[in-house]
Amino acid sequence: GMLSSMIAHELRQPLTVIRNYSEGIKEIIHSPAYDATVLGEALKVVDEQSIRASSIIEHMRGLIKGKESKVQEVDLNSLVPPIIETYKDLGGKYEVDLVTLREVPISVQVDPTQFEIVLLNLLNNASEAITQQETKALISVAISCENGEASVSVRNEGVLENKDSFNNLFSVKNSTKTNGLGLGLAIAARVIERWGGKLSIRQNNNEVIACILLPSL
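Okay, so let's go over this structure. What you are looking at is a predicted structure, and each value in this text was computed from that prediction instead of being measured.

## Side note on the overall build of the protein chain
Helices and strands together make up the secondary structure of the protein chain, namely six helices and seven strands. Listing each helix as α and each strand as β along the protein chain from the N terminus yields α-α-β-α-β-β-α-β-β-α-α-β-β. The buried share among the 217 residues of the protein chain stands at 44%. Partitioning the contacts of the protein chain with sequence separation of at least 6, the portion at a separation of at least 24 is 74%. For the protein chain, the exposed area adds up to about 11,900 Å²; of that, 49% sits on carbon and sulfur atoms.

## Focus: unusual backbone geometry
With a phi close to 55 degrees, N147 is a non-glycine residue in the positive phi region. Its location among the elements puts N147 in the loop between β4 (138-146) and β5 (149-157).

## A word on the nonpolar core
Residues L76, F115 and I212 are the most contacted members of the largest nonpolar core, which totals 39 residues. Elements that contribute at least two residues to this core include exactly α3 (76-89), β3 (107-110), α4 (112-129), β4, β5, α6 (181-194), β6 (198-204) and β7 (207-215). Broken down by element, this core gets its largest block of residues, seven residues, from α4. When neighbours within four sequence positions are excluded, I212 is seen to be in contact with F115, V118, L122, A150, S151, V152, I192, K198 and L199. Among the nonpolar cores identified, the runner-up in size contains six residues, and I18, L39, A42 and V46 belong to it.

## A closer look at the sheet that holds strand β2 (residues 95-100)
As summarised here, the arrangement of the five strands in space is β2-β4-β5-β7-β6, forming an open sheet in which the pairing is mixed. Single-partner strands in this sheet number two, and they are β2 and β6. Going from strand to strand, the sheet's axes swing by 15 degrees on average, the running direction of each strand aside. By the bridge criterion, six bridges tie β2 to β4 in an arrangement that is parallel.

## Some remarks on the pairing of β4
Inspection of the sheet shows β4 paired to β5 by eight bridges, in the antiparallel sense. Counted as the bridge partner of E146 is E149 from β5. Here β4 folds back onto β5, and the loop between the two strands holds two residues, one of which, N147, carries a positive phi near 55 degrees.

Rules used in this analysis
Residues numbered from 1 in each chain as written. Predicted model: local features only at pLDDT ≥ 70, side-chain atom pairs only at ≥ 80, totals over all residues. Heavy atoms only, no water. Helix = DSSP H or I, 4+ residues; strand = E, 2+ residues; numbered from the N terminus. Buried < 20%, exposed > 50% of the residue type's maximum accessible area, 1.4 Å probe, protein only. Contact = heavy atoms within 4.5 Å. Areas by Shrake-Rupley, 256 points an atom, 1.4 Å probe, with all protein chains shown as cover. Core = buried A, V, L, I, M, F, W, Y, C linked by side-chain atoms within 4.5 Å. Pairing = 2+ DSSP bridges. Axes fitted to C-alpha atoms, helices over the stretch in contact; angles between N-to-C directions.

Take it as geometry only, folks, not as evidence of what the structure does.
Below, the structure is given as structure tokens:
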């Protein structure tokens, strides 16, 4: 389901790095005269990525169980672009266009890892909501801030395959169902609410717009 896919996606990057560096370490230790400094640096990377993998699992458990987030001040203009690159690295189906409406920092209080999981969820949902068309579909992500409220919106071209599901996306917010699109969005909405924000989704003609609203600092 969506949650297992998100976990697999999030873990793929650190596990890939660990595997690649492990192969490199094997070559180093079997060389006649290896550089201990290089070996130490490689082991440090493996250690850092193993800690990251463990952190991802803990954050996912926190998302599901509603545990307290490790909230800190972050700039959305710095936080969002790497998440879009992660979406692409993980085999995202469609091109993503990033629009930043303010060049100055847009600071909010969030848990960076959980925010990444939430935004990846929205990008995945946007991909799934797009139907195959003659022209290549585009997902647009916009960052803005107005009247003390920061926003990150995900807009996808195309139409919803199932409008009944769209109308009830948040009806399972307190449900224990473990499958389908709704639970992923319900968890995302709950996480954003813990940061004092709100997740809204609306349909505008043939577009679906998901918007994360957060108090700006």
